[in-house]
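Coordinate analysis (summary)
The lines below spell out each chain.
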Amino acid sequence: MSTETIKKPSVLFVCVHNAGRSQMAAAFLTTLAEGRIEVRSAGSEPADKVNPAAVEAMAELGIDMSAEIPKVLTTEAVKESDVVITMGCGDECPYFPGKRYEDWVLEDPAGQGIEAVRPIRDEIKARIEDLIESLTPAAK
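Here is a short report on the structure shown in this document. Being a predicted model, the structure only gives us computed values, none of them experimental.

Calculation rules
Counting of residues starts from 1 at the beginning of each chain's written sequence and follows it residue by residue. Residue-level local features of this predicted model are given only where pLDDT is at least 70; pairs of side-chain atoms are given and counted only at 80 or more, and the full residue set underlies all totals for whole chains, interfaces and linings. Hydrogen atoms and water are omitted, and side-chain values are computed over all heavy atoms in the structure. Any two strands between which DSSP finds at least two bridges are classified as paired. Here a helix means four or more residues in a row that DSSP labels H or I, a strand means two or more in a row labelled E, and each is numbered from the N terminus. Note on geometry: axes are C-alpha line fits, over the in-contact stretch for helices, and angles between N-to-C directions span 0 to 180 degrees. In what follows, a contact means two residues having at least one pair of non-hydrogen atoms within 4.5 Å. The aromatic pairing rule takes the rings of Phe, Tyr and Trp, using the six-membered ring of Trp, and pairs them if the centres are within 6.5 Å, calling planes under 30 degrees apart stacked, those over 60 edge-to-face and the rest tilted. Only protein chains enter the calculation, and the probe is 1.4 Å; a residue is then buried if its accessible area is under 20% of its type maximum, exposed if over 50%, and partly exposed in between.

**Some remarks on the sheet that holds strand E3 (residues 83–86)**
- Overall, parallel pairing links the 4 strands, which are arranged E2-E1-E3-E4 in an open sheet. The sheet is open, and its two edges are formed by strand E2 (38–43) and strand E4 (100–103), each paired on a single side. Taken over all neighbouring pairs, the strand axes of this sheet differ in orientation by 20° on average, direction set aside.
- Inspection of the sheet shows E3 paired to E4 by 4 bridges, in the parallel sense. Counted as the bridge partner of Ile85 is Glu102 from E4.
- On top of the sheet, helix H1 (residues 21–33) reaches strand E1 (10–15) and E2; it is set at about 160° to E1, its chief contact.

Written as structure tokens, this is what we have:
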């Protein structure tokens, strides 16, 4: 089988508002996976805008999330994803057999200042690095 026919793994990050944790995770995965993984994010009850403290925390690492808009979680997004990572949305996330599900327990950055958001951001980055390692073959 040629490398062109290998489907890229796809990951969906889900949290309630799609304004902080899931947006940071999607931005990290998009940046760090360098196109090797398809990335989506959504929320069960999307906010009007992305959390400004999350945008600021990511900007400190050179990742621009300022143009991101929270998106509503759809059944299609879950169906099209190989890995579904939930972050505090509980039972509101649809379940489909055959998908890899992970629940990342992370503090909610909503309403918190930059000082509180930085450790959440750093925890997400570490988990994203592990996720990339588990989804992509090691480049030799």
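What follows picks up the thread again.
**Here's the deal with the environment of Ala54**
- Along the chain, the position of Ala54 falls in helix H2 (residues 52–59).
- With 33 residues separating them along the chain, Ala54 and Arg21 place their C-alpha atoms 7.9 Å apart.
- Sequence-distant contacts of Ala54, that is, excluding residues within four places in its chain, are made with Ala19, Gly20, Met24, Met65 and Val117.

**Considering the packing of aromatic side chains**
- Within the structure shown, the criterion is met by 1 aromatic pair.
- Geometrically, the ring pair formed by Phe13 and Trp104 is tilted, given 6.0 Å between the ring centres and 55° between the ring planes. Pair noted here: Phe13 is in strand E1 and Trp104 is in the loop between E4 and helix H4 (114–135), with a separation of 91 residues, a long-range link.
- The exposure class of Phe13 is buried, given its relative accessible area of 0%.
- The buried category is assigned to Trp104, whose relative accessible area is 5%.

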